[in-house]
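Here are the chains, one letter per residue:
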Amino acid sequence: MKFLLFLALSIGLVPAPVKHTPEREHTSFKKAVAQLEPWQQEEAYRITFDGKHVKIEALTPQGRFRAQKTLEQLELLGEKPVGTIFDYPRLRHRGLMIDESRSFKGLAFLKKQIDAMALLKLNVLHLHLDDSAGWRIESESYPDLTRETAFRKGRTYHEWEAGKYQFTTADDPDGYGGYYTKAQLKELVAYAAERFITVIPEIEMPGHSMEVGYAYPQVLCEHPNGRLHMGAWDLCPGSEGTFRLLEAVLKEVMDIFPSPLIHIGGDEATMKTWSQCVNCRKRMEQEGFTDIKELQGYLVRRIEAFVRSHGRRIIGWDEILETGVPEGAVVQSWRGVEGGRKASALGYDYIMSPNSHCYYNYYQDLIRKEPKAVGELVSLRFTYGYEPLGEGMDPAHLLGVQANLWTELIPTPEHAEYMLYPRLFALAETAWTPAALKEYKGFRKRARALLDVFQSLGYQTFDMDSESDLARSGLQRFPPEGTPIPIDD
Ligand code: ACM
Ligand code: ZN
């Protein structure tokens, strides 16, 4: 392991200073980083504290920025170290996804989370910009996307669902929603870039797209009797109208976001309307497909070629593995770790965000004490214990890890922060720190101290002091009543 050669004692959350040693003093910084990967060299830094002065060394402005954030963290925590910190990241993609469709939180919220990410040395904000519950990005080529679906009846996702998925317009005083203008998104991209954070936009396809069909029925499947499948979840991969819309929108998206990766979703297409659709059937005949699923592969390949022709790469949720992934695509594992494992075996670059460990819309403590959430327990300790490089997986293709915050049950910015902190501290440490140097007890102490800092900075957080024994134990599943729970932190 290359990085251990350098005695990398940094920790993602708070780098632990190490004593000044003659070797470290006499090794030039350039020499000290020479054996790191080029992308690691860009982020590496060394800080020397001699009690009076602080010296920062870095090869790039990015490295200098990471060092400044370490100093800021130490200052906020009231720590006055002496010695040397030599620090660089383990993984190049250290991400957070925020779902802006199910609840719309706005520019100030996103900037505030970018500030937190910078402090934690995270470097990718993935924005889920559209889903059935609302389209959240201005489009000049297809303006009805926002005009018709950025506002809905129903403050929360579930109220909207219970009211049978009704949209409304901006002038409805009872409507809920909003969208980002291009100017706002450019401002956000610049704000993130100043903090060495890339914003990856996601335009979801072909599933999770009810709102697109509502605004533009030409993307919907057509029944042999001529009727369109109104209210369908999936876009029609047989219709050229679908590709015209997606390509026009993606072009606008790429004009706003310089990110080398463009997320195209790809998850949970039901494919229900495709077998009854004249255009889908025609497409299958033309292409010689025998399985309806191949239509998803067709859509992904066409969109990938379009995105590539604009000098970018696609990233998709792990379902894209099921229908033949185009070369150069990045796979994001979310249905557990299997997608990552398979992508690795096939030689694709992959990002790990398994729902088992990295979904921060899941419960962080007992159901009875928490606001309604999803799934199983993803406690601080459990998520901290996540190791993204599973046995047999190729480290060369592991781009990184990401936490995802889906917001069907998270209607407000405050609630979103409550779900993120302190769990995002754990993700940051997993992404930054070599696995061999992670250690939960020390992390928990530092996380507890940093949580106070976050509260003083105005973030809503989970209360670590009231954490149940079960959550503290790091168990994932609820054990039978009466089972003794070991606590050793
Ligand atoms: C997902 O959680 N459906 C990617
Ligand atoms: Zn169709």
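Residues numbered from 1 in each chain as written. Chains lettered and ligands numbered in written order. Predicted model: local features only at pLDDT ≥ 70, side-chain atom pairs only at ≥ 80, totals over all residues. Heavy atoms only, no water.

Enquirer: Even after reading the chapter, I still don't get the packing of helix α10 (residues 240-256) against helix α12 (residues 294-309), so can you show me in this structure?
Expert: Angle between the axes and distance between the axes: these two values describe a pair of packed helices. At a minimum axis distance of 11 Å, the contact between α10 and α12 shows a crossing angle of 35°. Crossing angle aside, the handedness with which α10 passes α12 is right-handed. In this structure, α10 contributes Glu240, Thr242, Phe243, Leu246, Glu247, Leu250, Lys251 and Met254 to the contact, and α12 contributes Tyr298, Leu299, Arg302, Ile303, Phe306 and Val307. Among the residues making up the contact of α10 with α12, the classes are represented as 9 nonpolar, 1 polar and 4 charged. (Axes fitted to C-alpha atoms, helices over the stretch in contact; angles between N-to-C directions. Helix = DSSP H or I, 4+ residues; strand = E, 2+ residues; numbered from the N terminus. Left-handed = near helix turned anticlockwise from the far one by under 90°. Contact = heavy atoms within 4.5 Å. Nonpolar A, V, L, I, M, F, W, Y, C, P; charged D, E, K, R; others polar.)

Enquirer: What exactly am I supposed to notice about the coordination of the zinc ion (ligand 2) here?
Expert: In an ideal octahedron of six donors the angles at the metal are 90 or 180 degrees, and in an ideal tetrahedron of four donors they are 109.5 degrees. For the zinc ion (ligand 2), the full set of protein donor atoms is Cys221 (SG), Cys236 (SG), Cys277 (SG) and Cys280 (SG), and the range of their distances to it is 2.2 to 2.3 Å. Classification of the site at the zinc ion (ligand 2) as tetrahedral follows from its 4 donor atoms and the range of 106 to 112° in their angles at the metal. Coordination of the zinc ion (ligand 2) draws on donor residues from a single chain, spaced C-x14-C-x40-C-x2-C in sequence. With a gap of 44 residues between them, cysteine 236 in the loop between α9 (210-215) and α10 and cysteine 280 in helix α11 (residues 278-287) connect regions that are remote in the sequence. Accessibility expressed as a relative area gives 0% for cysteine 236, which makes it buried. For cysteine 280, a relative accessible area of 0% puts it in the buried group. (Donors = N, O, S within 2.8 Å, 3.2 Å for Na, K, Ca; no water. Tetrahedral: all angles 85-135°; square planar, octahedral: opposite > 155°, others 65-115°. Buried < 20%, exposed > 50% of the residue type's maximum accessible area, 1.4 Å probe, protein only.)

Enquirer: In this structure, what is going on with the environment of leucine 71? I would like to understand it.
Expert: For leucine 71, the location among the structural elements is in helix α4 (residues 61-76). Placed 15 residues apart in sequence, leucine 71 and isoleucine 56 show a C-alpha to C-alpha distance of 9.8 Å. Setting aside residues up to four positions removed in sequence, leucine 71 forms contacts with Ile47, Phe49, Val54 and Ile56.

Enquirer: Explanation requested: the sheet that holds strand β8 (residues 151-153) in the structure shown.
Expert: In a beta sheet, neighbouring strands pair by backbone hydrogen bonds and run either parallel or antiparallel. Read from one edge of the open sheet, 3 strands run β9-β8-β10, paired in antiparallel fashion. At either margin of the open sheet sits one strand with a lone partner, and together these are β9 (167-168) and β10 (175-177). Note that β8 and β10 share 3 bridges and pair antiparallel. Across the sheet, lysine 153 pairs through a bridge with glycine 175, a residue of β10. (Pairing = 2+ DSSP bridges.)

Enquirer: Help me out: how do you make sense of the pairing of strand β11 (residues 198-205) in this one?
Expert: Of all 8 residues in β11, 7 are buried; the element is thus mostly enclosed. The sheet contact formed by strand β5 (residues 124-128) and β11 spans 5 bridges and is parallel. When the bridges of β11 are listed, histidine 126 appears paired with isoleucine 200. Note: β11 against strand β12 (residues 261-265), 2 bridges, orientation parallel. In the sheet register, methionine 205 faces β12, and the bridge partner there is glycine 265.

Enquirer: How do you make sense of α12 when you look at a structure like this?
Expert: Because an α-helix packs 3.6 residues into every turn, residues spaced three or four apart end up facing the same way. Given a rise of 1.5 Å per residue, 16 residues ought to cover 22 Å, and the 23 Å separating the end C-alpha atoms of α12 matches this to within 8%. In this fold, the buried residues of α12 make contact with β11, α10, β12, α11 and β13 (313-317). Positioned one or two residues after α12, glycine 311 has a phi angle of 80°, which is positive. (Expected span 1.5 Å × (residues − 1).)

Enquirer: It is not clear to me how the sheet that holds β5 should be interpreted in this structure. Could you clarify?
Expert: As summarised here, the arrangement of the 8 strands in space is β4-β5-β11-β12-β13-β14-β15-β18, forming a closed barrel in which the pairing is parallel. Each neighbouring strand pair of the sheet contributes to a mean axis angle of 30°, computed without reference to strand direction. Helix-sheet contacts for α12 involve β11, β12 and β13, and the interaxial angle to β13 is about 150°.

Enquirer: Looking at this structure, I do not really get the confidence of the model for the protein. What am I missing?
Expert: Close inspection of predicted coordinates is inappropriate for parts of the model with low pLDDT. Summary statistics for the protein give a mean pLDDT of 93 and a share of 92% for residues scoring 70 or more. Taken element by element, the protein is modelled with least confidence in helix α1 (residues 22-26), mean pLDDT 53, and with most confidence in β5, mean pLDDT 99. Note on residues 1-11: pLDDT is under 50 here. Beyond four places in sequence and across chains, it has 36 contacts. Predicted confidence for residues 13-23 stays below pLDDT 50, and this span has 38 contacts to residues more than four positions away or in other chains. (pLDDT = per-residue confidence, 0-100.)

Enquirer: In this structure, what is going on with α10? I would like to understand it.
Expert: Over its 17 residues, α10 extends 25 Å from the first C-alpha to the last, a length consistent with the 24 Å expected when each residue adds 1.5 Å. The complete set of buried residues in α10 reads Gly241, Thr242, Phe243, Leu245, Leu246, Val249, Leu250, Glu252, Val253, Met254 and Ile256.

Enquirer: Would you mind showing me how to read the packing of aromatic side chains here?
Expert: Within a pair of aromatic rings, the relevant descriptors are the distance that separates the centres and the angle that separates the planes. Per the counting criterion, the structure on display carries 24 aromatic pairs. Here phenylalanine 104 and tyrosine 180 contribute two aromatic rings whose centre-to-centre distance is 4.8 Å and whose plane-to-plane angle is 55°, an arrangement assigned as tilted. Note that phenylalanine 104 is positioned in the loop between β4 (93-99) and α5 (107-119) and tyrosine 180 in the loop between β10 and α8 (182-194), a separation of 76 residues in sequence. Seen in terms of ring centroids, tyrosine 421 and tyrosine 459 are 5.4 Å apart; in terms of plane orientation they differ by 70°. Their pairing is edge-to-face. (Phe/Tyr/Trp six-rings, centres within 6.5 Å; stacked < 30°, edge-to-face > 60°.)

Enquirer: I keep staring at the side chain of serine 132 and nothing clicks. Help me out?
Expert: Residue position: serine 132 is located in the loop between β6 (130-131) and β7 (134-135). A polar side-chain atom of serine 132 sits 3.4 Å from the main-chain amide nitrogen of serine 209. Residues within four places of serine 132 in sequence aside, it is in contact with Ser101, Trp160, Phe167, His208, Ser209, Met210, Glu211 and Trp233. (Polar contact = N/O pair within 3.5 Å; in protein donor to acceptor, adjacent residues only side chain to side chain.)

Enquirer: Could you clarify how one ought to interpret the pairing of β13 in this entry?
Expert: Every other side chain in a regular strand lies on the same face of the sheet, so the side chains alternate between the two faces. For β13, the buried fraction is high: 4 of the 5 residues fall into the buried class. Judged from the 3 bridges that link them, β12 and β13 form a sheet pairing that is parallel. Of the residues in β13, the one forming a bridge with isoleucine 262 is isoleucine 314.

Enquirer: For this particular structure, what's the right way to read unusual backbone geometry?
Expert: Here the bond from methionine 205 into proline 206 is cis, since omega is -15°, no more than 30 degrees from zero. With an omega of 20°, the peptide bond between tyrosine 421 and proline 422 qualifies as cis. Following the sequence through the fold, proline 422 ends up in the loop between α16 (413-420) and α17 (423-432). Residue lysine 121 is not a glycine yet carries a positive backbone phi of 65°. Among the secondary structure elements, lysine 121 is positioned in the loop between α5 and β5.

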